[in-house]
Amino acid sequence: MEEIFRKEDRYMKNMFWSDTIQGLEPYQAGEQPQDKAYVKLNTNENPYGPSPRAQEVLRQIPFSDLRLYPDPESLKLRQSIATYYGRSVEEVFVGNGSDEILAFVYMAFFQGKRPIRIPSITYSFYPVYCNMFNVDAVLEPLEDDFTLNLDSYSTDNGGIIFPNPNAPTGRAVPLEEIRQLLQRNTDSVVVVDEAYADFGAESAVDLVEEFPNLLVVQTFSKSRSLAGLRVGFAIGNADLIAGLSTVKDSFNSYPVDRISLEVCAAAMDDHDYFVECCEKIKATRERVSQQLSSWGFSVLPSQANFIFVKPPAPITAEKMYLQLKEKGVLVRYFHNKPGIKEFCRISIGSDAEMDIFMEKMSSILSSVGVV
Ligand SMILES: Cc1ncc(COP(=O)(O)O)c(C=O)c1O
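Because the structure is a prediction, the values reported are computed rather than measured.

The rules behind each value
- Residues numbered from 1 in each chain as written.
- Predicted model: local features only at pLDDT ≥ 70, side-chain atom pairs only at ≥ 80, totals over all residues.
- Heavy atoms only, no water.
- Pairing = 2+ DSSP bridges.
- Helix = DSSP H or I, 4+ residues; strand = E, 2+ residues; numbered from the N terminus.
- Contact = heavy atoms within 4.5 Å.
- Axes fitted to C-alpha atoms, helices over the stretch in contact; angles between N-to-C directions.
- Near = heavy atom within 4 Å.
- Polar contact = N/O pair within 3.5 Å; in protein donor to acceptor, adjacent residues only side chain to side chain.
- Areas by Shrake-Rupley, 256 points an atom, 1.4 Å probe, with all protein chains shown as cover.
- Patch = residues over 30% accessible without salt bridge, like charges linked within 9 Å, V, L, I, M, F, W, Y side chains within 5 Å.
- Salt bridge = Lys/Arg side-chain N within 4 Å of Asp/Glu carboxyl O.
- Lys, Arg positive; Asp, Glu negative; His and termini not counted.
- Charge placed at Lys NZ, Arg CZ, Asp CG, Glu CD.
- Buried < 20%, exposed > 50% of the residue type's maximum accessible area, 1.4 Å probe, protein only.

Asks: Residues and numbers for the sheet that holds strand β13 (residues 332-333), please.
Replies: The strand order across the open sheet formed by four strands is β10-β11-β14-β13, and the pairing between neighbours is antiparallel. The open sheet has two free edges, formed respectively by β10 (298-299) and β13, since each of these has just one partner strand. As paired elements, β10 and strand β11 (residues 306-310) share two bridges and run antiparallel to each other. Among the inter-strand pairings, Ser-298 is bridged to a residue of β11, identified as Lys-310. Sheet strands touched by helix α9 (residues 271-294): β10, β11 and β14 (344-347). Its angle to β11, the strand with the most contacts, is close to 5°.

Asks: Can you break down the site of the ligand residue by residue, with the values?
Replies: Taken together, the neighbourhood of the ligand is formed by Gly-97, Ser-98, Asp-99, Tyr-123, Asp-193, Ala-195, Tyr-196, Thr-219, Ser-221, Lys-222 and Arg-230. Take Ser-98: an N or O atom from its main chain is 2.7 Å from an oxygen atom of the ligand. Here Asp-99 contributes a backbone N or O atom positioned 3.1 Å from an oxygen atom of the ligand. Burial of the ligand by the protein chains amounts to 92% of its free accessible area of 400 Å². Per-element accounting of the shell around the ligand gives the leading share, three residues, to helix α4 (residues 97-110).

Asks: I'd like a rundown of a negative patch on the surface, residues and numbers included.
Replies: Together, Glu-143, Asp-144, Asp-151 and Glu-177 line one region of the surface with negative charge. Inspection of the secondary structure assignment puts Glu-143 in the loop between β5 (137-140) and β6 (160-163). For Glu-143, a relative accessible area of 36% corresponds to the partly exposed category.

Asks: Help me get a handle on the pattern of salt bridges, residues and values and all.
Replies: For the structure on display, the rule yields 21 salt bridges. A salt bridge links Lys-40 to Glu-45; the shortest N-O distance between them is 2.9 Å. A residue is classified by how much of its surface remains accessible, and Lys-40, at 26% relative accessible area, is partly exposed. Judged by relative accessible area, which is 33%, Glu-45 ranks as partly exposed. As a salt-bridge pair, Arg-78 and Glu-73 come within 3.9 Å of each other at their nearest N and O atoms. On the basis of relative accessible area, Arg-78 is assigned to the buried category, the value being 12%.

The following block contains the structure:
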């Protein structure tokens, strides 16, 4: 029996609200508490600052230029992204965070179609957009080791979307499996959300040439350390990009501001700094994974800038989250998500931050005699 996700009507009605938002359960972003300074390992931000070259560009932006609207076509930034990936500018779309682009994807390609297929454990914004845009979804079960099995995604669907690596597990699927899915599934749009791909997964961008129904979505928030600017991008066939632009121009002509256009273009051009930061995060990820495994944690192999871990008994994931928070370290615990309540997601911070995390973790474990 397929598990189908459908909109629920569980929220109190408000007479002034539209029917669309009456039943909406909004996405819950990771907490951003203001009560004290935390080592923040709960929202997958990048511990290393944005590119110094981008900072230099920011300094040179004339303040008075902010009286002018930005370029509605975002051409300079789209050109930088196109050059970096060896695509044409018509194959690149930019938006106000990849979340906005994902919303446009639902409007442009999924709404009014048959149910889409998404993983049963995945980025929680996908079901939220299902509710928002009245799209049903078949939830595809994960394997026991939390890998995605794309075999069945191609059966009857109005679209397919999954992150690679998946969130919040960090597990990636090989490019070859995505290619095979695209070969089987030619009649609907396949969206690969590569928010974390730069930390170790194989990008599907090169498949865009071959498959006109493939859209790859990426972000400046993670590997390029610009979460505060809110810029994402998508690469796909020019017809798909035109579909996204049609939604954009019917919604907000200027989703990317003047500062973001300049700063992100400079960040895209600073390849060396980008590689250096990603490599540091990957090295820290391996070091922390090894330490946690040696303490008896189950650590899923991650290709992202976070790890998904199950602590050894008698520590539960909830206790781990609460006790770390008390000690000033924030990790993400998904208390209301079936199938992953035994796990915490830990973002990879700087080496110094991860040392603090491991010191606090070790004291929690030794208080119950685990180490
Ligand atoms: C899988 C996935 N996709 C997309 C996003 C959205 O990123 P942004 O809107 O910052 O570009 C996130 C953010 O955490 C994510 O985890």
